[in-house]
Every structure is written in C-alpha cells, then in structure tokens.
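Structure assessment
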Amino acid sequence: MAPHTPKDEGPQPPPPITPGGTYNVQTVSVGCKLYIRRPGSDGQEEERLAEILSIRDKPVNAYAARLRGEVKQEEAQKPQERLEFFVHWDQFNKRLDEWVSGTRLVLSRDLEWPRPKATPATKKIVGKKTPAKNQRQQSLLKRAATANALAVGKAAKADPGTPGPSTPASARASASPAPTIGQKRKTLHEEEDEEEEDLDADAEGEMDVDAEGDVLDLDGAESPQGPPPVSAFSKEQEIEKLRTSGSMTQSISEIARVKNLNRLQIGKHEVDAWYFSPYPQEYAHLPVLYLCEFCLSYFGSQFMLSRHRKRCNLLHPPGNEIYRHDDISFYELDGKRQLGYCRNLSLLSKCFLDHKTLYYDVTPFLYYVMCQRDSSGCHMVGYFSKEKESADNYNVACILTLPQHQRHGYGKLLIEFSYELSKREGKLGSPEKPLSDLGLLGYRAYWAETIIDLLMTTTEEVSIDDIAQKTSITHADVMNTCTTLQLFKHYKGQHVISIPEAVQERYKKAKEKRKRRIHPDRLIWKPPVFSRDQLRFGW
C-alpha cells in the first residue's frame, strides 16, 4: 500500500506545546511526545523523548494471581499507577518499543501534541456535469457500500478484540458521524475527501488495529461508525498478495500494530518479544509466554508447560533430516503436511520479524529448521522458508535466527545452506524483499565474503556471469556487492575487477574468525517436485 500524500500542502504549523507542570497523566493522549525515564547504557537512569502509541489499564495476570492465591479486590489506584503507555523511543529502533508505567512519565518537562492537520479546501466541480443516470447509479453504489460497511462495523463491535489506544480529544471532535435517515446525504466528492483524511490518519500510525484489522473505538460512545476507507486493510486481499508476492506484508496497518507479548521462555532461554504476534487474546500481555521448544506449542504458565512435556514425545522438528555435521542438523518440513508446527513457527518468528504476516496460510511453503543437537534433543536455532514454486526465483521467503543464538555465526550458516540448495537445483536465487535490517546486514556480509573468496582462490579470468553461476547468487546481487566494495576499475578502455588491499585484509580476518561452514557432501537431498494438484492451496 503506497502512503497517501496530501496535495498542495503549505508550510505546516509548529506542534502545540504544553509547558511542564501544567498537565497530568490523564491529559496525555495517543500521538503526544514527552520525556520518559528509562535505564541508560551506563546503568544510570536517563530521560529520553518518546511518542505515545497506545494507552491501556494495567492488565491483571489471571494465571499468576491464581498461583499466588490472591483474591481480586477493587482498590482505588492513582492514575499514574493504573495506566500504562506503549511508547516509541526517539531515534531508537522499533524493536525497543515497550509498555511503561505512568509513574515513569516526566511531567515536569514540556508535552508536545500531535501536529494539527490542515483543513482541506472544498473542491469545486469544473467541467461537464455527470449524466443523471450515471449519477444515480453511483449514488446507489455508494449507499450500498455504506450500508455494508456499517453492518460489518456493528458485527466487529459486538465481538471485542485486542484493546487499542484512546483517541485524542481533537480526533474525537473531528470524527464524522454516520449518515442517518433524516440527515442530508453527502455528495460524492465530499465522501472522497473524507476517505483521503482516513488514509492520512492510518499512514501516520495514530490508530491501533485489532487482530482482524478493524479500528477499535474505546470512547464508549454508542454512535455507529462511519464507513472504512476503500483502501483499508483486507485479509482476503492480503492473502491474494501473499500467494503471488510471498510472505511479507504490504499493509501499513499490519506493521503498525502494538506489541502484545512481553517475554518468551523457550527451553532454558527467556527472551524479550520485539514486535506484535497474533497469538490468541488470552495469552496477550502475560509476563511470560511459555513455549515447548520441540513442538512450539504455547502455554500461559510453567505448570501447563510441564504437564504438556509429560505427554509430548517430540525431540526434534517433525520433518526429514537432510543435513548433519558435528552438532548441527537441518530438517525439511512441508507446510501442508506439518501444518500445526509450521503455524506455531510462523507465530514465533512474527515476534522478531516486523514485516512478516504469513501466519494463517503456510501450505505454499517449505520450511528448513536448523537445530543444535545434544543429549536432550535437537534444539531449534533458526530457520528459513521458501516457496514451493516461486515466480521470481526467490530461494528464501523468511529467515530468522532466534535472538538467544544471534552473533554466533548461525545467520551466515542459514544463508549458506539456502544457496547450497539453489546449487543443487541448478538455479540462481535471491532472498525475498523487503529484508529486515538485520537480514540485510547478514546477506551483504555473506555476498561480500563469498565473492571475495571466489576471486581470491581462482586463477582464471572470471566475469559477472561466472561468479553468478558458481555461487548461485543472482547477477543483480553480484553487481550491487561489487559496486559497494568498489571492485570495478576502468583499465585500458574496459572495466575490470580489482580487489583493494583493505578489502583483502578484511576478508582474511573474517575467514580466520568464521569457524562454522556448510559441507555439501553432508547434504542428502533432492529438489522436491510438486504436481499441479499439490500446488493448489486452499481449495
């Protein structure tokens, strides 16, 4: 979805500022910016500017209260103790967004309100008038679409989902009510203007969406909601995109969701969740979500996990082991056969991948899970998925190394294994775009190391096509890597590849540091062949 850009915008006015000490916690709303206390890098507490993305009442953990034997009591709490704020730290990565208590807000410093939006000028109709028949058909279509949208909005409101943020006072005042029988129907151009305003609000991330992509209204007002914009997020449209473009979301509202998990316990490791993941609502906002490290089932308490482990007899991913060397193994899984495991794997990976949205349709994909073996079983380190039939010759759809195993060389091992599969298939491969920030760094490092290694060890003249055929890296990736490393030189009227001394020194240091490599002779695998009936997904 392309972001909506308003037309003919002049210089924007400065955002309103409320001086420190003149407001309280209840004054703060979604979209405001203020200073909040957080632990600094030196261990000392610092005050950093942050933007409020969502507001909620502090959740009560039913599982923890049941274990402690506590009785629910209605106690009067102060607003700063009762409210929690989901914030995005200024100049920090989005994965550091978190829920903070109201007691950490620095109310003595200035509060910056959202920048007011300029009122769009009324458009005048110039030119020929629309014929009465066509105008009547358009108005009937508009009325039918409005009635359908209102019916969907009422149905969604009857089934509440994950709570969203409170709406600022300015947004409440400007919200347009739904058309009634006695109200004069708006013209077509006025409705188009309102749809453009809704697009602006969604693109700027001032709204939170629930698991179905519908905007929630927490004001408690019983007035019916207006029709959603034409280009709003639709799960059916998203599925159609996923079938042709892979597993990366194209929707702004999907990316802007508020993180709903705090921590995950996987085996002996406990890690922080980075992004939103659509686990069931009853597991949201728990202090810790417990996962079985072998089947990836999720539970709300340690007792439930221990009871599950007595019945779960899995000690490795439920697939075929196609590679084994030292303590590393790779398992191949079919998303159509191992449906439950692959869905659980996609839910887990969504906690650490911002743009991934493929968690409800895993059948068009193959999953390759890398595990580390010990006496207690095969523990998952990372995985990557690839489409069974890719129109763009992608050899990776999503790739992830779990946070507790990062910075140990496993990411490059996953990338190298994916290209080893491409060599067996006799194809050139490239990862699906867009890549995450960490994924892009990993691929750039692998491409540079692989190309320099080939150039340093070969004694023959090689071209771009030779490099691509020997490494299975696409010509575009080879060209971009060589340009980034400044390997192209102009010599005697033609372009040649020359390796600078600084690049050679970096290559030697990286080669001495890297210990884990993929050994092709340990790979026992043939490219799977799927019939037309096997590639009919969801029918």
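Each remark here, short or long, concerns the structure printed above.
Residues numbered from 1 in each chain as written. Predicted model: local features only at pLDDT ≥ 70, side-chain atom pairs only at ≥ 80, totals over all residues. Heavy atoms only, no water.

Turning next to the packing of aromatic side chains. All chains considered together, the criterion is met by twelve aromatic pairs. When the centroid spacing of 3.8 Å and the interplanar angle of 5 degrees are considered together, the rings of F330 and F417 count as stacked. Separated by 87 residues along the polypeptide, F330 in strand 12 (residues 328-334) and F417 in helix 10 (residues 410-425) bring together distant segments of the chain. For the pair shown, F330 and F417 are each scored as buried. Between R56 and the ring centre of W99, over which it is positioned, the NZ or CZ distance is 3.8 Å. Directly above the aromatic system of W274 lies the positively charged group of R95, at a separation of 4.6 Å from the ring centroid. (Phe/Tyr/Trp six-rings, centres within 6.5 Å; stacked < 30°, edge-to-face > 60°. Helix = DSSP H or I, 4+ residues; strand = E, 2+ residues; numbered from the N terminus. Buried < 20%, exposed > 50% of the residue type's maximum accessible area, 1.4 Å probe, protein only. Lys NZ or Arg CZ within 6 Å of the ring centre and 35° of its normal.)

Relative to the assigned elements, E84 resides in strand 4 (residues 83-89). Of the residues examined, E84 reaches a relative accessible area of 12% and is grouped as buried. In this view, E84 contacts S54, I55, R56, K58, P59, W99, V100 and S101; residues no more than four positions away in its chain are not counted. (Contact = heavy atoms within 4.5 Å.)

For the rest of this paragraph, the subject is the nonpolar core. Membership of the largest hydrophobic core comes to 40 residues, with the highest contact counts inside it found for I322, F330, Y368, M370, F384 and F417. Per element, the largest residue contribution to this core is eight residues, and it comes from helix 11 (residues 437-457). (Core = buried A, V, L, I, M, F, W, Y, C linked by side-chain atoms within 4.5 Å.)

Moving on, we come to the environment of I451. Structurally, I451 can be placed in helix 11. Judged by relative accessible area, I451 falls into the buried class, the value being 0%. Separated by 19 residues in sequence, I451 and K470 have C-alpha atoms that sit 9.7 Å apart. If sequence neighbours within four positions are ignored, I451 has contacts with I467, V478, T481 and C482.

Our focus in this paragraph is the environment of Q372. Counting through the fold element by element, Q372 comes out in strand 13 (residues 365-374). Linking Q372 and D326, residues 46 residues apart in sequence, is a C-alpha distance of 9.1 Å. Excluding residues that lie within four positions of it along the chain, Q372 makes contacts with D327, G377, C378, H379, V381, Y410 and R516. In terms of polar contacts, Q372 uses its side chain to reach the side chain of Y410, at 3.3 Å. (Polar contact = N/O pair within 3.5 Å; in protein donor to acceptor, adjacent residues only side chain to side chain.)

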